[in-house]
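Okay, here's what each chain looks like letter by letter:
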Amino acid sequence: MRTLPHPAMEAVRLDTVLAALADPLRRRIVRQLSEGGEAQACGAFDLPVTKSTSTHHFRVLREAGVIAQYYRGNKILSQMRADDLEARFPGLLQAILAAEQVTVAGP
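Residues numbered from 1 in each chain as written. Predicted model: local features only at pLDDT ≥ 70, side-chain atom pairs only at ≥ 80, totals over all residues. Heavy atoms only, no water.

Per an unreviewed UniProt entry, the protein chain carries the name ArsR family transcriptional regulator and comes from Streptomyces niphimycinicus.

So, in C-alpha cells, the structure goes:
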C-alpha cells in the first residue's frame, strides 16, 4: 500500500504550522476539514486554483503536521490532526478557526 510521509507530532514546529496556515486557501481547506469532521477527498474542495496548485497546498499542510493524508483506492483522503495539534499547541487550532470565521463573516 502506498503511503504519504507525515511528521511525528513531537517534530512539528509552531513556526511551520503558522507558516502553513498563513495562506488563505490553506485556511479554507482546514476550515472545511474541521467543519466536516470526516476525511475528505481532495476533489471535494472547490478551490479556485489548478489541480497542481491544490496538491501543493495539501502537501504543505501535511508536511507541517496540520493534516493527515492517506490513500483509499485511487483517492487521497485528508483529515485534520486536530487532537494531535491540540496536544502539541493547546488552543491554537481553535484560535485560528475562530479568527478565520470572523474574517469570512466580515465586519
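Engineer: Mind showing me how you'd approach the side chain of H57 here?
Structural biologist: The topology assignment puts H57 in helix α3 (residues 51-64). With residues near it in sequence (within four places) discarded, H57 still touches D23, L25, R26 and I29. (Helix = DSSP H or I, 4+ residues; strand = E, 2+ residues; numbered from the N terminus. Contact = heavy atoms within 4.5 Å.)

Engineer: What should I look at first to understand helix α2 (residues 24-36) in this one?
Structural biologist: Owing to its 3.6 residues per turn, the α-helix brings residues three or four apart onto one side. Along its 13 residues, α2 runs 18 Å from first to last C-alpha, staying within 8% of the 18 Å computed at 1.5 Å per residue. Taken as a whole, α2 has its buried residues at L25, R26, R27, I29, V30, R31 and L33. If you check the start of α2, you find a side-chain oxygen 2.8 Å away from the backbone N of L25, and it comes from D23. The positive-phi residue at the C-terminal boundary of α2 is G37, with phi of around 75 degrees. (Expected span 1.5 Å × (residues − 1). Buried < 20%, exposed > 50% of the residue type's maximum accessible area, 1.4 Å probe, protein only. Polar contact = N/O pair within 3.5 Å; in protein donor to acceptor, adjacent residues only side chain to side chain.)

Engineer: How should the UniProt feature "domain: HTH arsR-type" (unreviewed entry) in the protein chain be read in this particular structure?
Structural biologist: The UniProt record marks residues 6-100 with the feature "domain: HTH arsR-type" (unreviewed entry), using the residue numbering of this structure. As a span, residues 6-100 carries 53% helix and 15% strand, and end to end its C-alpha atoms are 25 Å apart. (UniProt positions renumbered as here; feature names shortened; annotations may be inferred.)

Engineer: So what exactly am I meant to see when it comes to the nonpolar core here?
Structural biologist: Among soluble globular proteins, nonpolar side chains are generally buried collectively. V17, L61, V66, M80 and L85 are the most contacted members of the largest nonpolar core, which totals 22 residues. Once you skip the residues sitting within four places of it in the chain, M80 turns out to touch V30, L33, S34, V66, I67, L85 and L93. (Core = buried A, V, L, I, M, F, W, Y, C linked by side-chain atoms within 4.5 Å.)

Engineer: I keep staring at the pattern of salt bridges and nothing clicks. Help me out?
Structural biologist: A side chain of one charge can pair with a side chain of the opposite charge when the charged atoms of the two come close. Applying the stated criterion across every chain yields a total of five salt bridges. Across the pair R59 and E63 runs a salt bridge whose closest N-O atoms are separated by 3.2 Å. Residue R59 and its partner E63 are both found in helix α3; the two are separated by four residues, about one turn of the helix. Notably, a salt bridge pairs D84 with R81, separated by 3.2 Å at the nearest N-O pair. Since its relative accessible area comes to 11%, R81 is described here as buried. Connected through shared salt-bridge partners, R27, R31 and E100 make up one network. (Salt bridge = Lys/Arg side-chain N within 4 Å of Asp/Glu carboxyl O.)

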